[in-house]
Every structure is written in structure tokens, then in C-alpha cells.
Amino acid sequence: MTIIDAHNHVGTIKKAHQSGADLVAKLDKAGVEKAVMFPFVEGDFSNEPIRDAHREFPDRLIPYCAVNPWNDTAVDDVRRCVETYGFKGLKLHPTIGGYHLSDPKLCDPLFAVCEGYGIPIVVHGASDLYNCPPEFALMAERFPNVTLIMAHMGFFWSVDQAIRFAIQYPNLYLETSRAPIFEIQTAVREVGADKVIWGTDSPFVDYAFEFQKMSSATDDADAYSKIVGGNIARILKL
Ligand SMILES: [Zn+2]
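Thresholds, definitions, all that
- Residues numbered from 1 in each chain as written.
- Predicted model: local features only at pLDDT ≥ 70, side-chain atom pairs only at ≥ 80, totals over all residues.
- Heavy atoms only, no water.
- Helix = DSSP H or I, 4+ residues; strand = E, 2+ residues; numbered from the N terminus.
- Rg over C-alpha atoms; globule rule 2.2 N^0.38 Å.
- Buried < 20%, exposed > 50% of the residue type's maximum accessible area, 1.4 Å probe, protein only.
- Areas by Shrake-Rupley, 256 points an atom, 1.4 Å probe, with all protein chains shown as cover.
- Lys, Arg positive; Asp, Glu negative; His and termini not counted.
- Charge placed at Lys NZ, Arg CZ, Asp CG, Glu CD.
- Donors = N, O, S within 2.8 Å, 3.2 Å for Na, K, Ca; no water.
- Pairing = 2+ DSSP bridges.
- Right-handed = clockwise from strand over helix to strand, strands pointing away.
- Contact = heavy atoms within 4.5 Å.
- Axes fitted to C-alpha atoms, helices over the stretch in contact; angles between N-to-C directions.
- Core = buried A, V, L, I, M, F, W, Y, C linked by side-chain atoms within 4.5 Å.
- Salt bridge = Lys/Arg side-chain N within 4 Å of Asp/Glu carboxyl O.
- Parallel < 35°, antiparallel > 145°, perpendicular 65-115°, else oblique.
- Left-handed = near helix turned anticlockwise from the far one by under 90°.
- Nonpolar A, V, L, I, M, F, W, Y, C, P; charged D, E, K, R; others polar.

Chemist: I would appreciate a short explanation of the overall build of the protein in the present structure.
Modeler: What the protein contains, in helices and strands, is ten helices and ten strands. In terms of C-alpha radius of gyration, the protein reaches 16 Å, essentially the compact-globule figure of 18 Å for 238 residues. Dimensions along the principal axes, computed over C-alpha positions, put the protein at roughly 45 × 40 × 35 Å. Burial statistics for the protein: of 238 residues in total, 58% are counted as buried. Split by element, the accessible area of the protein, about 10400 Å² in all, is 51% carbon and sulfur. Side chains of the protein give 22 positive and 31 negative charges; the mean places of these two sets differ by 1 Å.

What follows is the structure, given as C-alpha cells:
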């Protein structure tokens, strides 16, 4: 069983810092094999810290790029990250970036380019207006061949909507970071273990706790192994 954490930030912002080495130390302490990482997206940001951390820990850290679709360079940035540096996915944060996830002019070109590469898109998916679960449903329907991962699974107010849409759309997955265990247990029971993905959102968490909490997600060992690594490994073709 390969344990993979599907949500981490590497880089520096005013309120937080995490290097690749910091993250790998957390993985080692918790017994986690690999971690997906992407930039902090507040203010101006770049994908260079991710590129560099991946070069330093190629077997442990899985690089996703992040872009703001308002920038004219967004599509080219994704292309360069994937083709030149081997990035494996895209992270979007509509609330911080100031756009609706379902905005056709801003987001469709990014979804189209990810569809072409066959890489997943993880999107901040708390119950905020710009990235509430119906925004995900619109995109899951518009791009059925894109794997779309809803970080925070609609927490706080929209978990039930998130679960409903994850059942309805085969390409929509729920990711558990910041979500309490009651909501995660509900998601596993109703959507199924194949559609639930473990992530922590480090450094904004107690790392060991975020891993330990998943031991209560299900009583089924096979389901557990899918949630804490098998599903994201399949999506990323690891
Ligand atoms: Zn995050």
C-alpha cells in the first residue's frame, strides 16, 4: 500500500512557509511515502519553488502547477510546467483568484489543456461562492474527460451538495483536507471509497493528526488503502 497525501503547499508567503525538505520531514515522521505539492496562491506567486522541490525530492514530491486564469500567460504557464518540468496536475483557487470556476472564457482553456495532457485539476472547494459544488458540477459536465478533485469537499455548508455531485459525475472526486471526520465518513459511505482522496493542506494543519484522523474513515482495509493513496496513484498513473 502506497500512502500519498494529495494536498500540500510549498513556498513562502507572508503568513506561511514550507520547503520541500520541511514537507518530506513530515512525511517521514508520519510514515507517508509521497505528497502532491503546489504553490501558495495568495498574491503574486510562481511555480519555481515547486519545480525546485521536485528536483530535490523527485521520488517523494509530486509537482502540480498553479495559475491565475486572469493572467494572459496562464495556459502557456501550464504547458511549460508540464512539458518542460514534468508537472503532473493543476491547482486552481477561484476565491483567492477572483473568478467563477465555471467561467467559460477564463477556465475552459485551462480545462482543455489539462484534458489534452490527461492530468487532473484540483480546485479549492470549500463552500465559497466562486467554487461552491454547483460550479464543480458545471465543469465536470462540460469536461467529462478531465479528472476534477474538490479540495475540502464543500466544507462547511455544502458537503451534502458535494456528495450528490460526486455520485452524479464519474470524473468528480472529493478530497478530505480540512474536512472533519464525520463528513468524511459520510462521503465514504455515500459516494464510495473509489471517489474519496486523502489530502492534508499542510503546512496549515497538524500533520500527524490529519493522517491519523483517516484511520476512522472506514473499517474496510481495501477502502482505506484507496482513500489514502490508491485513488490518487491511479489518477496520476504512478
Ligand atoms: Zn490548500
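Having put the structure on the table, let's press on.
Chemist: So what exactly am I meant to see when it comes to the coordination of the zinc ion here?
Modeler: Geometry sets the ideal angles at a metal, namely 109.5 degrees for four tetrahedral donors and 90 or 180 degrees for six octahedral donors. Donor atoms from the polypeptide that bind the zinc ion are H7 (NE2), H9 (NE2) and D201 (OD), placed at 2.0 to 2.1 Å. One chain supplies every donor to the zinc ion, and in sequence these donors are spaced H-x1-H-x191-D. Each member of the pair, H7 as well as H9, carries the same accessibility label: buried.

Chemist: Is there a simple way to think about the pairing of strand β4 (residues 34-37) in this case?
Modeler: Along any regular strand, the residues point their side chains to alternate faces of the sheet. Sheet topology note: the strand β1 (residues 4-5)/β4 ladder contains two bridges and is parallel. Its bridge partner lying in β4, I4 is registered against K34. Remark: the β4/helix α2 (residues 48-56)/strand β5 (residues 61-66) crossover connection has right-handed handedness.

Chemist: What exactly am I supposed to notice about the sheet that holds β5 here?
Modeler: Through backbone hydrogen bonds, the strands of a sheet pair up, either in parallel or in antiparallel fashion. Spatial ordering of the open sheet is given by β1-β4-β5-β6-β7-β8-β9-β10, a layout of eight strands whose pairing is parallel. Every interior strand has two partners, whereas the edge strands, β1 and β10 (196-197), have only one. Direction of pairing for strand β9 (residues 172-175) relative to β10: parallel, over a ladder of two bridges. Following the sheet pairing, E175 is matched in β10 by I197. Strands β4 and β5 of the sheet are contacted by α2, whose axis makes an angle of about 165 degrees with β5.

Chemist: Looking at this structure, how should I read the nonpolar core?
Modeler: In a soluble, globular protein the nonpolar side chains are often hidden away together inside. L92 and F111 are the most contacted members of the largest nonpolar core, which has 65 residues in total. A per-element tally of this core places helix α5 (residues 104-117) first, with six residues. Those residues within four positions of F111 in sequence are excluded, and the remaining contacts are L92, L101, I121, M139, F143, V146 and L148.

Chemist: Got a minute to help me understand the pattern of salt bridges in this structure?
Modeler: It is possible for side chains of opposite charge to pair when their charged atoms get near one another. Tallied over the full model, the rule gives eight salt bridges. Across the pair R51 and D52 runs a salt bridge whose closest N-O atoms are separated by 3.1 Å. On the basis of relative accessibility, which here comes to 36%, the residue D52 falls in the partly exposed class. Among the salt bridges present, the one from E210 reaches K213, with a minimum N-O distance of 3.0 Å. Each of the two residues, E210 as well as K213, counts as buried.

Chemist: Explain the packing of helix α7 (residues 159-168) against helix α8 (residues 181-191) here, please?
Modeler: Describing two packed helices takes the angle between their axes plus the distance from one axis to the other. Following both chains from N to C, one finds α7 and α8 inclined at 25 degrees, their axes separated by 10 Å at the closest point. One finds that α7 runs roughly parallel with respect to α8. Where α7 crosses over α8, the two elements pack in a sense that is right-handed. Contacts from V159, I163, A166 and I167 in α7 reach E183, T186, A187, E190 and V191 in α8. A breakdown of the residues in the contact of α7 with α8 according to their chemical character gives six nonpolar, one polar and two charged.

Chemist: Got a minute to help me understand the pairing of β5 in this structure?
Modeler: Summarising burial for β5: six of the six residues are buried, a large majority. Here β5 shows two buried faces, one formed by L61, P63 and C65 and the other by I62, Y64 and A66. Examined bridge by bridge, β4 and β5 share three bridges and lie parallel to one another. Within β5, the residue paired with A35 across the bridge is L61. Pairing geometry for β5 and strand β6 (residues 89-92), over three bridges, is parallel. Bridged to C65 within β6 is L90.

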